[in-house]
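Observations on the model geometry
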Amino acid sequence: MKLSKSLIQISATALITSCLFIGYLMAFPNSTGIFAVGSSEDISWELATSLQSEYLEFKPLRVLYTEGGEEKKEDLRGFVFNALQLDTIINLNKSGKTPDEVYFMFGQNGTFKEGLLGIHKRGIIQLVAVGMLNKDLLITTTLPDTKISVYDKADPCPPNCPK
């Protein structure tokens, strides 16, 4: 008798878990759990700011900067790239090839402490850009110290937010 009760409990748990998982997949068909996967599309500025608001209300990254001699910590809203650097990556890069995509990758350059008694460590996040052609990075491995239109870093917002 004990065995059949355990089997019923295990089966019920498995059934409930399966239903929740299937429901999640149906509600978010393109979701990987972290990023939605799919092709890019034009969106409205209203949707873009709505997406940013949702991000800021959830668990945003934080940025540490100094302004007027005062250290400030705020939610990271985005990154600002110099347009000439992006033009160089696309049209004037040192590989001599024109990329069909630009790869933006996150990096970290140290940490800072935040929160009550500084118990939370936050990464100092940087964004790096490099051109890609047919999914291959337009970099050279023969001369590893040669800069080949890889740009680091985009300026975080804040403090470099658009007005």
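Everything discussed here concerns the structure shown above.
Below is a short write-up of the structure. Because the structure is predicted, anything quoted here is derived from the model rather than measured.

This part is about the packing of aromatic side chains. Scanning all chains against the criterion turns up 1 aromatic pair. The interplanar angle of 65° and the centroid separation of 5.6 Å between the aromatic rings of Phe81 and Phe104 together place this pair among those described as edge-to-face. Pair noted here: Phe81 is in the loop between strand 3 (78-80) and helix 3 (83-91) and Phe104 is in strand 4 (residues 101-114), with a separation of 23 residues, a long-range link. Overall, the relative accessible area of 15% leaves Phe81 in the buried class.

Our next topic: the state of the cysteines. With the rule as written, the count across this model stands at 1 disulfide. Each disulfide pairs two cysteine sulfurs, and for Cys157 the partner residue is Cys161, the sulfurs being separated by 1.9 Å. Handedness here is read from the sign of the S-S torsion; for Cys157 and Cys161, about 100°, the answer is right-handed. Owing to a relative accessible area of 6%, Cys157 belongs among the buried residues under this scheme.

Time to look at the side chain of Arg62. Examined against the element boundaries, Arg62 turns out to sit in strand 1 (residues 62-67). A distance of 2.8 Å separates the side chain of Arg62 from the side chain of Asp75, its partner in a polar contact. At a separation of 2.7 Å, a polar atom in the side chain of Arg62 contacts the side chain of Glu114. Leave out the neighbours within four places in its chain, and Arg62 touches Lys73, Glu74, Asp75, Leu76, Phe112, Glu114, Arg122 and Gly123.

By the element assignment, Thr88 lies in helix 3. Ignoring any residue separated from it by four or fewer positions in sequence, one finds Thr88 in contact with Asn93, Ser149 and Tyr151.

Moving on, we come to unusual backbone geometry. A cis amide bond links Cys157 to the next residue, Pro158, at an omega of 0°. Mapped onto the secondary structure, Pro158 falls in the segment after strand 8 (155-157). In this chain, Pro158 is followed by Pro159 through a cis amide linkage whose omega measures 5°. Looking at the secondary structure, you find Pro159 in the segment after strand 8. The residue Asn134 is not glycine, and still its phi comes out positive at about 55°. Examined against the element boundaries, Asn134 turns out to sit in the loop between strand 5 (120-133) and strand 6 (136-137). Of the residues examined, Asn134 reaches a relative accessible area of 57% and is grouped as exposed. Despite not being glycine, Lys135 has its phi angle at roughly 70°, a positive value. Following the sequence through the fold, Lys135 ends up in the loop between strand 5 and strand 6.

Let us now look at the pairing of strand 1. Of the strand pairs in this sheet, strand 1 and strand 2 (residues 70-75) are connected by 6 bridges, and their pairing is antiparallel. Looking at the pairing, Val63 lines up with Glu74 of strand 2. In this antiparallel pair of consecutive strands, strand 1 and strand 2, the connection spans 2 residues, and Gly68 shows a positive phi of 60°.

What counts and how
Residues numbered from 1 in each chain as written. Predicted model: local features only at pLDDT ≥ 70, side-chain atom pairs only at ≥ 80, totals over all residues. Heavy atoms only, no water. Phe/Tyr/Trp six-rings, centres within 6.5 Å; stacked < 30°, edge-to-face > 60°. Helix = DSSP H or I, 4+ residues; strand = E, 2+ residues; numbered from the N terminus. Buried < 20%, exposed > 50% of the residue type's maximum accessible area, 1.4 Å probe, protein only. Disulfide = S-S within 2.5 Å. Polar contact = N/O pair within 3.5 Å; in protein donor to acceptor, adjacent residues only side chain to side chain. Contact = heavy atoms within 4.5 Å. Pairing = 2+ DSSP bridges.

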